[in-house]
Amino acid sequence: MKLSKIMLLAVALMVLISAQATAAGDAAAGEAKSQACAGCHGAAGVSAMTSFPILAGQFEDYLFNALSQYKSGGRKNAIMTGIAAGLSKQDMRDLAAYYTALEGVYSLNLPE
Ligand code: HEC
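Rules used throughout
Residues numbered from 1 in each chain as written. Predicted model: local features only at pLDDT ≥ 70, side-chain atom pairs only at ≥ 80, totals over all residues. Near = placed C-beta within 6 Å. Helix = DSSP H or I, 4+ residues; strand = E, 2+ residues; numbered from the N terminus. Nonpolar A, V, L, I, M, F, W, Y, C, P; charged D, E, K, R; others polar. Expected span 1.5 Å × (residues − 1). Buried ≥ 20, exposed ≤ 12 C-beta atoms within 10 Å, placed from the backbone. Contact = placed C-beta atoms within 7 Å. Core = buried A, V, L, I, M, F, W, Y, C linked by C-beta atoms within 7 Å.

### Comments concerning the site of the ligand
In the vicinity of the ligand lie 17 residues, with C37, C40, P53, A66 and N77 positioned nearest. Broken down by secondary-structure element, the contributors of at least two residues to the shell around the ligand are α3 (35-41), α4 (60-72) and α5 (78-85). If one sorts the elements of the shell around the ligand by residue count, α3 sits on top with five residues. Residue composition of the shell around the ligand, by class: 13 nonpolar, four polar and no charged.

### Section: helix α6 (residues 89-101)
Across its 13 residues, α6 extends 19 Å between first and last C-alpha, which sits within 8% of the 18 Å expected from 1.5 Å per residue. By the burial criterion, the buried members of α6 are M92, R93, D94, L95, A96, A97, Y98, Y99 and T100.

### Re the environment of D94
Residue placement: D94 occurs in helix α6. When the C-alpha atoms of D94 and E60 are compared, they prove to be 9.7 Å apart, with 34 residues separating the residues in sequence. Ignoring anything within four residues of it in the chain, the contact list for D94 reads G25, D26, A29, G30 and K33.

### Remarks on the nonpolar core
With 13 residues, the main nonpolar core has L63, F64, L67, M92, L95, A96 and Y99 as its most contacted residues. Elements represented by at least two residues in this core include exactly α4 and α6. Here the element with the most residues in this core is α6; it accounts for six residues. If near-sequence neighbours (up to four positions away) are discounted, L63 is found in contact with L55, Q58, L95, A96, Y99 and T100.

So this is what it looks like as structure tokens:
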């Protein structure tokens, strides 16, 4: 009885660890996938146009959540809803890992 409980715990731990491994984003894979985004969001995630948000240096969770929400309909935008529809969860994680690693524009424009 005791041993089977330990075995169960070990299996649960292994499942948890492998789930985390697949959950991690791969920045190199994300870079390849970002070709489809560069036209609007800029070659290095820094768009020159104010209508397209800068993705470079943004928090990874934020990027992943934004993409997930476009896909689920929680966040609506005519352009991004269509784009996110074609992305898998892993695509989103890879893209988020890629953009978060890029140098962003750290200007908060806080009032003095
Ligand atoms: C045709 C232009 C276009 C393309 C291509 C495009 N986007 Fe976007 N993206 C936009 C616009 C416009 C917004 C702002 C939408 C809004 O107001 O919610 C946006 C918003 C986003 C946001 C939310 C940013 C924030 O600060 O909240 C993320 C993340 C994002 N795009 C990722 C991507 C990724 C990843 C790709 C490629 C797979 C991509 N986009 C391709 C136009 C584009």
